[in-house]
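So you can see what is in the structure, the chains are spelled out below.
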Amino acid sequence: MKHFVDNHNLNEYINDVVEIVNPDQVVICDGSESEYKNLCTKLVNSGTFIALDKDKWPNCYACNSDPSDVARVEDRTFICTTNKDDVGPTNNWEDPAKMKHQLSALLKDSMTGRTMYIIPFCMGPIGSSFSKYGIQITDSPYVVVNMHITTRVHPTVLKKINEGYEFVKCLHSLGAPLLDKQVDKKWPCNPTVKYICHFPETNEIISYGSGYGGNALLGKKCFGLRISSYMAYKQGWLSEHMLIMGIENPQGEKKYFAAAFPSACGKTNFSMLIPPKELDGWKITTVGDDIAWIKLGSDGVFYAVNPENGFFGVAPGTNESTNPNAIATLSANTIFTNVGVTPDGDVWWEGLTKQPPSIVYNWKGELHDTNSDQKIAHPNARFSSPAIQCPSIDPNWESFEGVPISAFIFGGRRSASIPLILESFNWNHGVYNAATMASETTAAAFGEQGVVRRDPFAMLPFCGYNMANYFKHWIGFGERKIKLPKIYNVNWFRKDSAGKFIWPGFSENMRILKWIFQRINGKANALNTSIGYMPSYEDIDWGTTNFNKDDFNSIMSINKDEWLNELNLHLELFKKYNNQIPDEFYDINFNLQKSMKAD
Ligand code: OXD
Ligand code: MN
């Protein structure tokens, strides 16, 4: 056995992988600046990266993926457990031994002609009791530099593993061996065969065939949500698809909220919100934009940590008015994937400015025809930027203890029926609302767009075990003597009869956050309706906005028939879980139907 690292288990793992994938060489990464620089230079030389204009975009690069490799591949994502029932009806299942056998055949010699990188990384601040370690093995230098940004890559991780800390084995292969004299592609991947496989019982991930985002940066969705949600279930904590934000009132009182929205519903924008001028004195700070690991403190309060070190944000739609903090964040040390690039080293995406540059190459690397309506950036084009560069980053974002959570907010994307803001009657009702939330599909994953799909807790693609047990896990916290946060549902996406969004969103969302903050302090009123507590028009601070009472009534209206239909659809949904969902859900549905009918 060759000696790569001091730890026996890890050394064995690396040797086993080398034996199968047969790389040209093995490199142990240290997360240093020079490593980052050298790899970026290598990527520029191989044609994968374009170095952007140094003055306008210091230390920034752009690249285009293969057109077959532009998003997460949910239909190729598997959770492999001994018992099929452990993954539930919402995940693709396969037997672990069978899947490993299948993958071994694919992985055989898959790194021929390539360098195999070993990335020791940490999810969460290194040394915090929240944090977890991982070893990603990859043949993609693009993945290494992105992991530098989005996770904490550091030699200390190897030390921790030596001290006996467990680690998640994250194996990633592009599935594109480089055979003799073959010229490498700019974006090597396997255009036809992709597998994103999780083995929660043995803390392993194997990803094959894709070099893009959540398929390949294994710290994020694979470890940070799927594997960790299983750990959380077993160990009594929560791993959630949630942003974490701080909110401070003009008196300097501060709270933290965690909020779940389905992919590409503006989580990054919301987490970096700048309040409207007239709400000056109110301040939002950013702890994280995508993932929250949440544990109960000894004081009975939930504390949350952002396990990531950077943002992998959706670029299209991001601009100086929708998210000035993101624009500042991505202004340096950023990797852009699938945006448009100009010959003089500038980038562009839909929504960045009103007009595209006169000469620009689209995300496929073709010169954009100004007369065509083809997209310049792919709708799922991304920026990878260090979180520390965000002007609104919270001073406690790397706190070892996490930040105390006062409210959970759940937001679907629904063009009808669901009101702008709703406070649940109690914990169980909030869990019910989160479990039944739905969203119209977007570009973050492959598939038909605009179709309503149930996305419980925004975790549908990310829950690494049976979702019915996940619901029970959440309900279980309500039975304990702890300080339960209030639970809210929001819907920024309701449309009027002409199909136009009613709510302006973005910084205006602050008005809703202010109401929530004051509700928690017992200082804001709400109407007790048949579906929960809702503000009346007068309960929200509208300042000088022209959002009037009619607009408010149309976005808050509850249509009895629509809701009775919705509640029946919930019952249909429960059937899909083979009626394994918590009994409490049936009682809540029954009571909601009853009060709805009585109204
Ligand atoms: C993401 C996603 O990339 O949810 O954050 O797809
Ligand atoms: Mn996400």
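Just above, that's the structure.
Residues take numbers from 1 onward in each chain, read along the sequence in its written order. Chains and ligands are labelled sequentially in the order written, the chains with letters from A and the ligands with numbers from 1. It should be noted that, the model being predicted, local features are given only for residues of pLDDT at least 70 and side-chain atom pairs only at 80 or more, the latter also being counted only at that level, while totals for whole chains, interfaces and linings use all residues. For the side-chain quantities, the full set of heavy atoms in the structure was used; hydrogens and water were omitted.

K.L.:
In this structure, what is going on with the pattern of salt bridges? I would like to understand it.
P.N.:
Close approach of charged atoms allows side chains with opposite charge to pair. Salt bridges, as used here, are contacts in which a Lys or Arg side-chain nitrogen is within 4 Å of a carboxyl oxygen on Asp or Glu. Taken as a whole and assessed by the stated rule, the structure comprises 23 salt bridges. Beyond isolated ion pairs, a larger network of salt bridges with shared partners links Lys220, Lys221, Lys267, Asp290 and Glu308.

K.L.:
What's the story with the site of ligand 1 in this structure? I'm lost.
P.N.:
Taken together, nine residues lie around ligand 1, and Arg72, Lys221, Ser263, Asp290 and Arg382 are the ones closest in. Pairing of N or O atoms within 3.5 Å defines a polar contact, subject to two protein rules: one partner must be a possible hydrogen donor and the other a possible acceptor, and residues neighboring in sequence count only if both atoms are side-chain atoms. Between lysine 221 and ligand 1, the recorded distance is 3.0 Å, taken from a side-chain N or O atom to an oxygen atom. One of the side-chain nitrogen or oxygen atoms of aspartate 290 is found 3.2 Å away from an oxygen atom of ligand 1. Broken down by class, the residue content of the shell around ligand 1 amounts to two nonpolar, two polar and five charged. Throughout this document, a residue counts as near a molecule or strand when at least one of its heavy atoms sits within 4 Å of that molecule or strand. Following the grouping adopted for this structure description, the nonpolar residues are Ala, Val, Leu, Ile, Met, Phe, Trp, Tyr, Cys and Pro, the charged ones are Asp, Glu, Lys and Arg, and the polar ones are all others, Gly among them.

K.L.:
What am I meant to see in the coordination of the manganese ion (ligand 2) here?
P.N.:
Ideal coordination angles are 109.5 degrees for a metal with four donors arranged tetrahedrally and 90 or 180 degrees for a metal with six donors arranged octahedrally. Within the protein, the manganese ion (ligand 2) binds to Lys221 (NZ), His241 (NE2) and Asp290 (OD); these donor distances fall in the range 2.2 Å. Keep in mind that water is not among the atoms, so a site may look incomplete; donors are the N, O and S atoms within 2.8 Å of the metal, or 3.2 Å for Na, K and Ca. Taken in sequence order, the residues that donate to the manganese ion (ligand 2) follow the motif K-x19-H-x48-D. On the criterion of sequence distance, the pair formed by lysine 221 in helix α7 (residues 219–235) and aspartate 290 in the loop between β15 (283–288) and β16 (292–296) is long-range, its members being 69 residues apart. Of the two residues, lysine 221 and aspartate 290, both sit in the buried class. What counts as a helix is a DSSP run of H or I of at least four residues, what counts as a strand is a run of E of at least two, and both are numbered from the N terminus. Burial status follows relative accessibility: with a 1.4 Å probe on protein chains alone, a residue under 20% of its type maximum counts as buried, one over 50% as exposed, and anything between as partly exposed.

K.L.:
What's the story with the state of the cysteines in this structure? I'm lost.
P.N.:
In protein chemistry, a disulfide is the covalent bond that joins the sulfur atoms of two cysteines. Whenever a pair of cysteine sulfur atoms sits within 2.5 Å, that pair is classed as a disulfide. In the structure shown here, the tally under the stated rule is zero disulfides. Cysteine 63 supplies the cysteine sulfur nearest to cysteine 189, a cysteine that is in no disulfide, at a spacing of 12 Å. Accessibility expressed as a relative area gives 8% for cysteine 189, which makes it buried. With no disulfide of its own, cysteine 265 has cysteine 463 as its nearest cysteine by sulfur position, at a separation of 18 Å.

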